[in-house]
Amino acid sequence: MLGLPDVITVALFDLDGVLTDTASVHRTAWTDTFNAFLTQRAGGAIADRTDELRPFTDQDYFDFVDGRPRMDGVRSFLDSRGLQVADDAATAIAAAKNDAFLAALDRDGVVAYPGSVRYLHAARDAGLRIAVVTSSRNGAQVLDAAGLTEFVEHRVDGNTIVDEHLAGKPAPDSFLRGAQLMGVDAAAACVFEDAISGVQAGAAGRFGYVVGVDRVGGGQSDAMTSAGASIVVTDLDELLAEN
Ligand SMILES: O=P(O)(O)OC[C@H]1O[C@@H](O)[C@H](O)[C@@H](O)[C@@H]1O
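Residues numbered from 1 in each chain as written. Predicted model: local features only at pLDDT ≥ 70, side-chain atom pairs only at ≥ 80, totals over all residues. Heavy atoms only, no water.

Draft legend 1. Fine view of the overall build of the protein. Along its length, the protein carries 11 helices and six strands. A compact globule built from 243 residues should have a C-alpha radius of gyration of about 18 Å, and the protein, at 18 Å, falls within 12% of that. Contacts spanning at least 24 positions in sequence make up 65% of the contacts within the protein whose residues lie at least 6 apart. With 19 positive and 36 negative side-chain charges, the protein shows a separation of 3 Å between the mean positions of the two kinds. (Helix = DSSP H or I, 4+ residues; strand = E, 2+ residues; numbered from the N terminus. Rg over C-alpha atoms; globule rule 2.2 N^0.38 Å. Contact = heavy atoms within 4.5 Å. Lys, Arg positive; Asp, Glu negative; His and termini not counted. Charge placed at Lys NZ, Arg CZ, Asp CG, Glu CD.)

If you want it as structure tokens, here you go:
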């Protein structure tokens, strides 16, 4: 009925892009922040540049930032361009991105995907236990703003990752911590992810099932399958039609 193997008793949902339509809010905040940094570093306009100071693209976001904890995203992108940046400057980039993200949340609010809300209701009704595992330090706020907090038994978020010195996605540690808090082995838990780094984390942790949620199209579905997704859907309520 939930489109999952019978052995699955726990759902570990990523948040941004799986339950809430906030992945694009993060992407826009990162794009604006990195482009401001690159422009400053270049000492002028970057639109026509093709070198390491060329503009930040959606592909940069998907390859180096999506799904990772905030500071990991900063370092991963800068490393991809071979850009050396002092720790305080990297921290300033992370802070600017968070300011941009929070300003967008204040302005636009948070929308939960209707298909995901339907799935959460069906999951709860069927007795599937629910946790959220997100790299975001804003996880509690986003869940509250979307009205989803009541569904969640345990939350692992970006603050947990920092406080407990967990390795961020694509390492499996945050999902494994989620399974541990729920008192089950990875084999009994299903990971739901929209980021390639998160699908990789699900595969690396040997979770019982990994659902890739393709919100962007293009080659994302194939990339998720290559990264280890058990199944790829474009919306969670597709799983409700499975059986
Ligand atoms: O900056 P935050 O809110 O702590 O979020 C960190 C990351 O959280 C993830 O959930 C998002 O997919 C990333 O885009 C984001 O960068």
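Draft legend 2. Broad picture of the site of the ligand. Residues in close proximity to the ligand total 14 residues, the closest being Tyr61, Arg70, Ser136, Arg137 and Asn138. Backbone polar atom of arginine 137 to an oxygen atom of the ligand: 2.7 Å apart, as the coordinates give it. Measuring from an oxygen atom of the ligand, one finds a side-chain N or O atom of asparagine 138 at 2.7 Å. Protein contacts shield 99% of the accessible area of the ligand, which totals 390 Å² for the unbound molecule. The pocket occupied by the ligand, as judged from atoms lying within 2 Å of grid points, is the largest cavity. When we break the shell around the ligand down by domain, the ones giving at least three residues each are domain 1 (10–22 + 110–240) and domain 2 (24–108). (Near = heavy atom within 4 Å. Polar contact = N/O pair within 3.5 Å; in protein donor to acceptor, adjacent residues only side chain to side chain. Areas by Shrake-Rupley, 256 points an atom, 1.4 Å probe, with all protein chains shown as cover. 1 Å grid on protein atoms, 1.4 Å probe; cavity = no way out; pocket = protein on both sides within 12 Å on 5 of 7 lines; lining within 4 Å. Sits in = over half its atoms within 2 Å of the grid points. Domains from an automatic or database assignment.)

Draft legend 3. Local environment of the sheet that holds strand E5 (residues 209–213). The six strands are arranged E3-E2-E1-E4-E5-E6 in an open sheet whose pairing can be described as parallel. Edge strands, defined here as strands with exactly one partner in the open sheet, are strand E3 (154–156) and strand E6 (231–233). Going from strand to strand, the sheet's axes swing by 20 degrees on average, the running direction of each strand aside. Sheet topology note: the strand E1 (residues 10–13)/strand E4 (residues 189–193) ladder contains four bridges and is parallel. Of the residues in E4, the one forming a bridge with leucine 12 is valine 191. In the packing of helix H10 (residues 220–227) onto the sheet, contacts are made with E4, E5 and E6, and the angle to E6 comes to roughly 155 degrees. (Pairing = 2+ DSSP bridges. Axes fitted to C-alpha atoms, helices over the stretch in contact; angles between N-to-C directions.)

Draft legend 4. Expanded view of the environment of arginine 68. Tracing the sequence through the fold places arginine 68 in the loop between helix H2 (58–65) and helix H3 (70–80). Judged by its relative accessible area of 23%, arginine 68 is partly exposed. For arginine 68 and proline 5, which are 63 residues apart along the polypeptide, the C-alpha to C-alpha distance reads 28 Å. Non-local contacts of arginine 68, meaning those with residues more than four positions away in its chain, are made with Asp63, Gly73, Ser76, Ser135, Lys169, Pro170 and Ser197. Reaching out from arginine 68, the side chain makes a polar contact with the backbone oxygen of phenylalanine 64 at a distance of 3.3 Å. (Buried < 20%, exposed > 50% of the residue type's maximum accessible area, 1.4 Å probe, protein only.)

Draft legend 5. Spotlight on unusual backbone geometry. Geometrically, the link from lysine 169 to proline 170 is a cis peptide bond, its omega value of 20 degrees lying close to zero. Within the fold, proline 170 resides in the loop between helix H7 (158–163) and helix H8 (173–182). In this structure, histidine 165 takes a positive phi of about 55 degrees despite not being glycine. Locating histidine 165 in the fold gives a position in the loop between H7 and H8.

Draft legend 6. Representation of the domain arrangement of the protein within the structure. For the protein, the assigned domains are domain 1 (10–22 + 110–240) and domain 2 (24–108). Domain 1 puts 18 residues into the contact, and the matching count from domain 2 is 16 residues. When domain 1 packs against domain 2, the two sides together hide about 1,300 Å² of surface, and 52% of this comes from carbon and sulfur. Considering only the side of domain 1, the residues that lose the most area to domain 2 are Thr22, Ser135 and Asn138, jointly responsible for 30% of the buried surface there. In this assembly, domain 1 and domain 2 are joined by zero salt bridges. Summed over the shared surface of domain 1 and domain 2, the number is seven residue pairs in polar contact (both at pLDDT 80 or more). Residue classes in the side of domain 1 that touches domain 2 are distributed as six nonpolar, seven polar and five charged. (Buried area = accessible area lost by both parts, 1.4 Å probe. Salt bridge = Lys/Arg side-chain N within 4 Å of Asp/Glu carboxyl O. Nonpolar A, V, L, I, M, F, W, Y, C, P; charged D, E, K, R; others polar.)

Draft legend 7. Spotlight on the packing of aromatic side chains. The full count for this structure, using the stated rule, is nine aromatic pairs. Between tyrosine 61 and phenylalanine 62, the ring centres sit 5.8 Å apart and the planes meet at 70 degrees, which makes this aromatic pair edge-to-face. The burial state of tyrosine 61 is the same as that of phenylalanine 62; both residues are buried. A connected cluster of aromatic rings, assembled from ring pairs, spans Trp30, Phe34, Phe56 and Phe77. The side chain of lysine 97 reaches across the aromatic face of phenylalanine 101, ending 4.8 Å from its centre. Above the face of the tyrosine 113 ring, arginine 215 is positioned so that its terminal group lies 3.5 Å from the ring centre. (Phe/Tyr/Trp six-rings, centres within 6.5 Å; stacked < 30°, edge-to-face > 60°. Lys NZ or Arg CZ within 6 Å of the ring centre and 35° of its normal.)

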